[in-house]
Amino acid sequence: PLDINNVQGDVLEGLGKKNELFFFFRIKAGQGSHFREDLRSVIPLITTTTEAKKFHETIKEGKKEAAKEGKKLPMIENSGVNVSFSQKGLVALGITDDIGDAFFKNGMLADAAALGDDLNEWDADFKKEIHGVFSITANSTIVLERTLDHIKKIFRFGHKDATIEEVTRLRGQVRPGKESGHEHFGFNDGLSQPAVKDVNAGVVSEPGEKPVRQGVILLGREGDNGVVTPPSTTPVPVKRPSWALDGSFLAFRYLKQLVPEFDVFLQENALPVIPAPGNPTGADLLGARLVGRWKSGAPIDLTPLRDNPDFAKRQDFRFDPQNQERCPFAAHIRKTNPRSDLDQAGGTEIRRIIRRGIAFGPEVTDKERREKRSSPDEKLERGLLFACYQSNLGNGFHFMQQSRHFLSIVTNSCKGASILLTNASTPLGWANNRKFPPKTQAVPPVPTPGIDPIIGVATDGLAREMVGASPDIAGSNTELNFGARWVISRGGEYFFSPSISALKDTFAA
Ligand code: N7H
């Protein structure tokens with residue numbers, strides 16, 4: 001059975017955080033074996049799932065106690081540390097086993113075009129060789145800096161005999177005040193996570209959605225069966241080295257958000273709303289239709305016409321596969337977790353990911369609001385440091401983002417003659433795939449759902465648009481063209497987060 005004490009804390013529980021630093025490093029040439037020695041001293045700092053859980057429980061208890069006494073919760077000093085490695089990092093360490101994931105092996109730079117990224121928009125540092133990343137979290141930035149210093153000291157960072165060098169670092173922080181937990185467009189984030197069987201089912205479980213098998217997130221566990229390429233529902237079997245057990249793939253994305261531009265679009269395309277107490281503005285209604293949740297987090301499938309913060313954390317909804325009146329087919333949360341839309345195609349289990357993103361960058365300035373556009377000043381860049389875990393990148397993150405036309409070659413035998421038919425019209429993938437979800441049961445038939453408004457890229461060169469933005473049936477088939485993107489990829493990498501025992505016995509041995 002799974003010992004959660006052996007799994008890094010960010011994967012199954014999440015490191016408690018107000019601040020997070022992603023410290024991307026390279027192992028110095030020829031220093032692989034010395035790096036292993038240093039890594040041994042870092043392992044005691046690595047936060048396990050059990051420790052992360054304990055931290056969250058302490059906060060919860062503290063909040064209860066503080067509320068009883070009418071006090072504010074005192075700042076709890078705690079720092080979380082996790083470490084993950086890229087394929088190039090494995091090579092630098094001399095680990096030559098094939099881990100069995102093509103996307104991890106080739107790295108994100110090689111996958112950028114398929115994801116819809118424009119490499120001109122990538123930060124130059126993500127085009128360099130990155131071997132690994134330390135994810136360091138803390139409530140206070142002082143504690144975070146102290147932990148980073150501690151780690152740097154262990155690797156003799158900056159000295160001649162250092163075993164690592166920095167490639168780049170990205171710092172995220174929870175947004176201030178009432179925006180805490182909300183990403184920069186203003187939406188409550190990190191709400192819907194799959195419950196994992198025998199780990200946290202019942203805590204984060206979603207009524208109507210079964211917990212996922214452990215192998216959907218952890219390598220080597222039940223359900224880690226290999227890539228599934230529709231229309232087939234049969235996985236292509238995968239072999240993992242023994243040290244991969246209870247590790248997980250981390251897809252990291254550095255995503256810039258154009259907030260004033262997004263807000264201007266909502267205002268300029270505001271939906272008609274009768275002004276009455278409790279009714280949203282037309283801009284807020286449109287925003288909710290694009291995301292699939294109101295800013296509070298309340299799913300529009302449960303409360304389609306007005307926000308209801310009491311519903312913020314509700315997960316007990318099932319999209320009606322026949323229509324998009326309550327929630328557009330292309331809404332971000334329907335694209336990335338279509339729930340009942342895929343009941344007939346075998347469900348969504350293998351596509352589920354655990355998200356651990358954090359916002360980065362300052363709040364929108366008055367000047368940007370006035371000028372209705374994001375400042376070109378890089379210091380004012382803001383967005384999301386998106387991170388997610390899964391056991392298979394080709395089933396999880398990569399599949400969820402991409403749109404790819406795959407070639408199925410059909411051989412037709414006709415009176416002894418063999419005719420080759422090439423069918424290149426079946427696109428795969430979700431956010432960038434305008435034909436997803438399949439809405440095969442829609443009555444009356446609806447046109448192509450369109451691109452995910454939030455993260456979707458039109459990789460076919462056509463307009464970035466969707467149908468169903470208006471909850472009004474008459475308006476629901478009208479196309480809404482988003483124009484330019486509001487989320488821009490600045491880079492990223494695929495990593496592997498080993499189990500604690502693999503860190504000790506394979507990575508630091
Ligand atoms: Fe998304 N947003 O603020 O609009 N996301 N996301 N995401 N996302 C979700 O349930 C957002 C991104 C998923 O189970 C919510 O947490 C933004 C990428 C998945 O119902 C909101 C960015 C990918 C879910 C946002 C961004 C995903 C989800 C609703 C980039 C994967 C759960 C709150 C800047 C390829 C769906 C919540 C479910 C939810 C936003 C990125 C995937 C508000 C701004 C790159 C699986």
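The structure presented is a predicted model; accordingly, all values stated were derived computationally and were not measured.

1. Here we look at the pairing of strand β13 (residues 487-497)
Here is step 1: By the criterion of burial, β13 is predominantly enclosed, with 11 of the 11 residues buried.
Here is step 2: Examined bridge by bridge, strand β5 (residues 248-257) and β13 share 9 bridges and lie antiparallel to one another. The residue bridging S248 from the neighbouring strand is S497, located in β13.

2. Brief notes about the pattern of salt bridges
Here is step 1: Throughout the structure, instances matching the rule amount to 29 salt bridges.
Here is step 2: A salt bridge links K68 to E65; its shortest N-O distance comes to 3.1 Å. Here E65 and K68 lie together in helix α3 (residues 49-68), a separation of 3 residues that amounts to about one turn.
Here is step 3: Owing to a relative accessible area of 66%, K68 belongs among the exposed residues under this scheme.
Here is step 4: In this structure E65 comes out as partly exposed when scored by relative accessible area, which is 36%.
Here is step 5: Of the charged contacts, one joins D316 and R314 as a salt bridge, the two residues approaching to 2.7 Å between their closest N and O atoms.
Here is step 6: Classification of D316 as partly exposed rests on a relative accessible area of 31%.
Here is step 7: R314 gets classed as partly exposed once you look at its relative accessible area, which sits at 30%.

3. Side note on helix α12 (residues 500-507)
Because each turn of an α-helix spans 3.6 residues, side chains separated by three or four positions in sequence point in the same direction.
Here is step 1: Every buried residue belonging to α12 is among I500, A502, L503, T506 and F507, and all of these are buried.
Here is step 2: Here the buried face of α12 lies against α2 (32-42), β2 (79-85), α4 (87-92) and β13.

4. Side note on the packing of aromatic side chains
Here is step 1: Evaluation of the coordinates by the stated rule reveals 30 aromatic pairs.
Here is step 2: Ring geometry for F262 against W486: centres 5.3 Å apart, planes inclined by 80 degrees, an arrangement best described as edge-to-face. Of this pair, F262 sits in helix α7 (residues 259-268) while W486 is found in the loop between β12 (479-481) and β13, placing the two residues 224 residues apart along the sequence.
Here is step 3: The class for F262 is buried, based on a relative accessible area of 0%.
Here is step 4: Among the aromatic residues, ring-to-ring pairing joins F25, F35, F85, F104, F134, F155, W243, F249, F496 and F507 into one connected group.
Here is step 5: The ring of F317 is capped by R339, whose NZ or CZ atom sits 3.9 Å from the centre of that ring.

5. Points about the coordination of the iron atom of the ligand
Here is step 1: For the iron atom of the ligand, the sole protein-derived donor is H332 (NE2), lying 2.1 Å away.
Here is step 2: Relative to the elements of secondary structure, H332 occurs in helix α9 (residues 332-336).

6. A short note on unusual backbone geometry
Here is step 1: The residue after P230, namely P231, is reached through a cis peptide bond having omega 5 degrees.
Here is step 2: Within the secondary structure layout, P231 lies in the loop between β4 (164-173) and β5.
Here is step 3: For the bond running from F436 to P437, omega is 0 degrees, close enough to zero to count as cis.
Here is step 4: By secondary structure assignment, the location of P437 is in the loop between β10 (417-428) and β11 (465-467).
Here is step 5: One non-glycine residue, D198, lies in the positive phi region at around 60 degrees.

7. Quick look at the packing of α7 against helix α8 (residues 282-291)
Here is step 1: Direction vectors running N to C along α7 and α8 enclose 115 degrees, while the axes themselves pass 8 Å from each other. As summarised for this structure, α7 and α8 are arranged roughly perpendicular, according to the angle between their axes. Where α7 crosses over α8, the two elements pack in a sense that is right-handed. Contacts between α7 and α8 pair F262, F265, L266 and Q267 from the former with A283, L286, G287 and L290 from the latter.

8. Section: the nonpolar core
Here is step 1: Grouped together as the largest cluster of nonpolar side chains are 115 residues, with contacts concentrated most on F24, F85, F134, L290 and F507.
Here is step 2: In contact with L290, other than residues within four places in its own chain, are F262, F265, L266, A331, H332, P453, I454, M466, L480, F482 and W486.

9. So, the confidence of the model for the protein
Parts of the model with low pLDDT should not have their predicted coordinates read in detail.
Here is step 1: Looking at the protein as a whole, its pLDDT mean stands at 92, while 93% of the residues score no less than 70.
Here is step 2: Overall, residues 407-424 carries pLDDT values under 50, and its contacts beyond four positions in sequence, including any with other chains, amount to 22 contacts.

10. Quick word on the site of the ligand
Here is step 1: For the ligand, the set of nearby residues contains 26 residues, the closest of which are G190, L191, S192, H332 and R339.
Here is step 2: Separating an oxygen atom of the ligand from a backbone N or O atom of G190 is a distance of 2.8 Å.
Here is step 3: R339 places a side-chain nitrogen or oxygen 2.8 Å from an oxygen atom of the ligand.
Here is step 4: Elements represented by at least two residues in the shell around the ligand include exactly β5, α9, β8 (383-390) and α11 (397-401).
Here is step 5: A class-by-class count of the residues in the shell around the ligand yields 13 nonpolar, 7 polar and 6 charged.

11. A few points about α7
Here is step 1: Across the 10 residues that make up α7, a large majority, 7, are buried.
Here is step 2: All buried positions along α7 are accounted for by V259, P260, F262, D263, V264, F265 and L266.
Here is step 3: In this structure, the buried side of α7 is in contact with β5, α8, α10 (366-371) and β12.

12. Re the environment of E20
Here is step 1: Relative to the helices and strands, E20 resides in strand β1 (residues 19-27).
Here is step 2: Looking at E20, the relative accessible area reads 0%, which means it is buried.
Here is step 3: Residues E20 and E183 lie 163 residues apart in sequence; the distance between their C-alpha atoms is 15 Å.
Here is step 4: In contact with E20, other than residues within four places in its own chain, are S135, I136, T137, L144, L170, R171, G172, R356 and I358.
Here is step 5: Engagement of the side chain of E20 in a polar contact is seen with the side chain of K17, the distance being 3.1 Å.

13. Focus: the pairing of β5
Here is step 1: Extensive coverage of β5 is indicated by the burial of 9 of its 10 residues.
Here is step 2: Where β5 and β8 come together, 8 bridges link them in antiparallel fashion. Pairing of L250 across the sheet is with Y389, part of β8.

14. Some details on the environment of T47
Here is step 1: Looking at the element boundaries, T47 is found in the loop between α2 and α3.
Here is step 2: Measuring from C-alpha to C-alpha, the distance between T47 and N82 comes to 6.2 Å, with 35 residues separating the pair along the chain.
Here is step 3: If sequence neighbours within four positions are ignored, T47 has contacts with Q8, G9, L15, A52, S79, G80, V81 and N82.

Conventions and cut-offs
- Residues numbered from 1 in each chain as written.
- Predicted model: local features only at pLDDT ≥ 70, side-chain atom pairs only at ≥ 80, totals over all residues.
- Heavy atoms only, no water.
- Buried < 20%, exposed > 50% of the residue type's maximum accessible area, 1.4 Å probe, protein only.
- Helix = DSSP H or I, 4+ residues; strand = E, 2+ residues; numbered from the N terminus.
- Pairing = 2+ DSSP bridges.
- Salt bridge = Lys/Arg side-chain N within 4 Å of Asp/Glu carboxyl O.
- Contact = heavy atoms within 4.5 Å.
- Phe/Tyr/Trp six-rings, centres within 6.5 Å; stacked < 30°, edge-to-face > 60°.
- Lys NZ or Arg CZ within 6 Å of the ring centre and 35° of its normal.
- Donors = N, O, S within 2.8 Å, 3.2 Å for Na, K, Ca; no water.
- Axes fitted to C-alpha atoms, helices over the stretch in contact; angles between N-to-C directions.
- Parallel < 35°, antiparallel > 145°, perpendicular 65-115°, else oblique.
- Left-handed = near helix turned anticlockwise from the far one by under 90°.
- Core = buried A, V, L, I, M, F, W, Y, C linked by side-chain atoms within 4.5 Å.
- pLDDT = per-residue confidence, 0-100.
- Near = heavy atom within 4 Å.
- Polar contact = N/O pair within 3.5 Å; in protein donor to acceptor, adjacent residues only side chain to side chain.
- Nonpolar A, V, L, I, M, F, W, Y, C, P; charged D, E, K, R; others polar.

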